Amino acid sequence: MKRNDIPFRRHWLYYLVLKYGVIAVAIVVTLYTIFRLYRG
């Protein structure tokens, strides 16, 4: 990803951290939910 692809260039680092943070949280919540469903 280039800096020019980001909507607001001044805060591109925060944008990347937030983006990957949201993805990581979604994966963790999904795995936790699957674990809870199959464990009983």
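The structure reproduced in this document is the subject of the present report. The structure displayed is predicted, hence computed values, not measured ones.

## Section: the overall build of the protein chain
The helix and strand tally for the protein chain stands at one helix and zero strands. Taking all 40 residues of the protein chain together, 5% fall into the buried category. If you sum the accessible surface of the protein chain, you get close to 4100 Å²; carbon and sulfur atoms cover 65% of it.

## Side note on helix 1 (residues 12-39)
With 28 residues, helix 1 extends 40 Å from end C-alpha to end C-alpha; this agrees with the ideal 40 Å at 1.5 Å per step. Counting buried positions along helix 1 gives one out of 28 residues, so the element sits mostly on the surface.

## Quick word on a nonpolar patch on the surface
Together, Tyr20, Ile23, Ile27 and Leu31 give the surface a local cluster of nonpolar side chains, amounting to about 410 Å² of exposed area. Along the chain, Tyr20 turns up in helix 1. Taking the relative accessible area as the measure of exposure, Tyr20 reaches 51% and is therefore exposed.

How each quantity is defined
- Residues numbered from 1 in each chain as written.
- Predicted model: local features only at pLDDT ≥ 70, side-chain atom pairs only at ≥ 80, totals over all residues.
- Heavy atoms only, no water.
- Helix = DSSP H or I, 4+ residues; strand = E, 2+ residues; numbered from the N terminus.
- Buried < 20%, exposed > 50% of the residue type's maximum accessible area, 1.4 Å probe, protein only.
- Areas by Shrake-Rupley, 256 points an atom, 1.4 Å probe, with all protein chains shown as cover.
- Expected span 1.5 Å × (residues − 1).
- Patch = residues over 30% accessible without salt bridge, like charges linked within 9 Å, V, L, I, M, F, W, Y side chains within 5 Å.
- Salt bridge = Lys/Arg side-chain N within 4 Å of Asp/Glu carboxyl O.

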